[in-house]
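The residues making up each chain are set out below.
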Amino acid sequence: MPFSLPDLSTDIIIVGGGFVGLSTAYWLSELNPNLKIVVLDRGQLGAGASGRNAGFLTKGSAYFYKSLGQKWGVEGAQSILKFAEESLKLVYDHFLKTSSSIDFIPTTSMTLFKNEKLHQDLDFDAKSFGFEWRNESELPENLRSKFYGGLETSPEYKVTPVHLLEALKQKLEARKIKVLENVSAFKVTPDGVMTDSFVLRGKKVILALNGYFPQFHEVFKPLIIPHRAQMLAVELEKDFNCPSLYYDPPERVYWRKVHDRTIIFGGKRLLDEKGEVGDFEKISPLIQAGLESYVGDLLGLKYKVLHRWSGTMGFTDHELPILKKISAPIETYVVGGFSGHGMGLGFRSALEMAQLVTGQKQTSFFQTFKDNTINL
Ligand SMILES: Cc1cc2nc3c(=O)[nH]c(=O)nc-3n(C[C@H](O)[C@H](O)[C@H](O)COP(=O)(O)OP(=O)(O)OC[C@H]3O[C@@H](n4cnc5c(N)ncnc54)[C@H](O)[C@@H]3O)c2cc1C
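Everything numeric in this text was worked out from a predicted model, so none of it was measured. (Residues numbered from 1 in each chain as written. Predicted model: local features only at pLDDT ≥ 70, side-chain atom pairs only at ≥ 80, totals over all residues.)

(A) Looking closely at the domain arrangement of the protein chain. When the domains of the protein chain are assigned, the result is domain 1 (2-53 + 162-222 + 318-368) and domain 2 (58-161 + 225-315). A C-alpha centroid distance of 27 Å is found between domain 1 and domain 2. At the interface, 34 residues of domain 1 touch 29 residues of domain 2. Counting residues per element, the ones that place at least two in the side of domain 1 that touches domain 2 are helix H4 (161-174), helix H5 (213-216) and helix H7 (342-357). (Domains from an automatic or database assignment. Contact = placed C-beta atoms within 7 Å. Helix = DSSP H or I, 4+ residues; strand = E, 2+ residues; numbered from the N terminus.)

Spelled out as structure tokens, the structure:
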């Protein structure tokens, strides 16, 4: 319990124990095993998006790279793709491959198109981004009448996100890194971090709050906008063959089979775009109805609802995270605003952050796209 803790002192304080905060602690201890590190989270493990997401360890859809290409040019978008590929490989090498407690499946992801026009309208050089076209006859049989084709890429992974967090936490604790749950950071001070109940003294602070940044300090309000994302888990009446991770961007839906007849669906945020701006988790009936309509009407499946939930994502206007040193009362760094892609980009981003903090890099990969001035 926080109230029984004495004032603590450490080298590095990481605020936010999601996938990115825990991964940053992991990489810092890889780069310098002598560092004293404390991670704190105001909730329990997985309280934020990292415990609530769809479990797509993915580079992202063809639409994502099309959009990045429009913003940053084809070469810029390809460098982001390479970053995402490295990130997935690192998660595989450091965790999936070696940890028997993580439930994961190597797979592909597929950006689906309902008709030829939607595919043509995308107007995207998919091959140069590693996507292969699959026509209708190459899709799983039960998707054939519903979709005209899809753009497929691999390697990608289906993962149970909380397993990944637990494996990270175990590894950190084995390295004597403290992970304090149910401790809320209140303020960054010249000494470290003031929490709701004690002072954590440290030399450097890393804020890894993703969608919750604007709650922490108003300086983040114009930079990272919190958006809710809704998820629906259903049990199907009959088995449905769908081995990949699926994106249906025009419908704003993504889905994956979890096991047997259980499938999880996410998305439909744009049905209530304004209503879904916010940093607290709630079920939206409008969006949940949209997800159900996708399952029942569009895919034509008979199902029963198992579970509904939501989570908070942090969006930036440029679709890429902010990852940099900022101006603050103590040496402070910020990593967040993953714009819905934190599981895919997060692990490599955490390495990037560890390199900044240990002085191995001066500027992060993402700063080369956009750099914000932030004074805490
Ligand atoms: C429903 C949903 C589905 C998604 N699906 C996918 C997907 O399939 N693939 C993908 O790549 N991405 C997905 N995302 C996005 C992905 O989950 C996030 O980008 C990623 O988890 C961000 O990790 P994080 O550690 O930066 O943030 P978070 O996991 O949100 O961690 C931030 C942590 O900060 C803590 N915190 C907040 N304020 C304080 C404070 N004052 N003091 C202490 N702690 C504090 C919170 O409790 C939280 O644990 C999804 C997101 C949602 C919501």
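Moving on from the coordinates now.
(B) Structural detail: the sheet that holds strand S8 (residues 178-180). Spatial strand order, S8-S3-S2-S12-S19-S18: 6 strands in an open sheet with mixed pairing. Every interior strand has two partners, whereas the edge strands, S8 and strand S18 (322-326), have only one. This sheet shows a mean twist of 15° between the axes of neighbouring strands, independent of strand direction. With 4 bridges joining them, strand S2 (residues 12-15) and strand S12 (residues 204-207) adopt parallel strand pairing. Counterpart to valine 15 in the pairing with S12 is leucine 207. Most of the contacts of H7 go to strand S19 (residues 331-336), to which it runs at about 170°, and overall it touches S2, S12, S18 and S19. (Pairing = 2+ DSSP bridges. Axes fitted to C-alpha atoms, helices over the stretch in contact; angles between N-to-C directions.)

(C) Structural detail: helix H6 (residues 285-298). Taking 1.5 Å per residue as the helical rise, H6 with its 14 residues ought to reach 20 Å, and the 19 Å between its terminal C-alpha atoms agrees with that figure. Where H6 is buried, its residues touch strand S13 (225-236), strand S15 (253-259), strand S16 (262-267) and strand S17 (303-315). Glycine 300 sits one or two positions beyond H6 and adopts a positive phi of about 65°. (Expected span 1.5 Å × (residues − 1).)

(D) Inspection of the site of the ligand at higher detail. Contacts to the ligand come from 43 residues, most closely from Gly18, Gly48, Gly311, Gly342 and Met343. Elements with a contribution of two residues or more to the shell around the ligand: helix H1 (19-31), S13, S17 and H7. Element by element, the count of residues in the shell around the ligand is highest for H7, at 4 residues. Of the residues that constitute the shell around the ligand, the class distribution is 18 nonpolar, 22 polar and 3 charged. (Near = placed C-beta within 6 Å. Nonpolar A, V, L, I, M, F, W, Y, C, P; charged D, E, K, R; others polar.)

(E) Here's a closer look at the environment of glycine 149. If you trace the backbone, glycine 149 turns up in strand S7 (residues 149-159). Here the alpha-carbon distance between glycine 149 and phenylalanine 113, two residues 36 residues apart in the chain, equals 5.6 Å. The contact partners of glycine 149, leaving out residues within four places of it in the chain, are Phe113, His119, Trp133, Arg134, Asn135 and Glu136.

(F) How the structure looks around the packing of H1 against H7. It is the contact of H1 with H7, at a shortest axis distance of 8 Å, that shows an interaxial angle of 40°. Between H1 and H7, the angle falls in the class oblique. By crossing handedness, the relation of H1 to H7 is classed as right-handed. Contacts between H1 and H7 involve Phe19, Val20, Ser23, Thr24, Tyr26, Trp27, Leu28 and Leu31 from the first element and Gly342, Met343, Gly346, Phe347, Ser349, Ala350, Leu351, Met353, Ala354 and Val357 from the second. Considered class by class, the residues forming the contact of H1 with H7 number 13 nonpolar, 5 polar and no charged. (Parallel < 35°, antiparallel > 145°, perpendicular 65-115°, else oblique. Left-handed = near helix turned anticlockwise from the far one by under 90°.)

(G) View of the nonpolar core. Core analysis: the largest hydrophobic core is formed by 99 residues, its most contacted members being Ile14, Val15, Ala25, Val39, Ile206, Phe265 and Met353. Top contributing element to this core by residue count: helix H2 (residues 62-96), with 11 residues. Domain assignment of the residues forming this core places at least three in each of domain 1 (2-53 + 162-222 + 318-368) and domain 2 (58-161 + 225-315). Beyond its immediate chain neighbours, meaning those up to four positions away, alanine 25 contacts Ile14, Ile37, Val39, Leu172 and Ile177. (Core = buried A, V, L, I, M, F, W, Y, C linked by C-beta atoms within 7 Å. Buried ≥ 20, exposed ≤ 12 C-beta atoms within 10 Å, placed from the backbone.)

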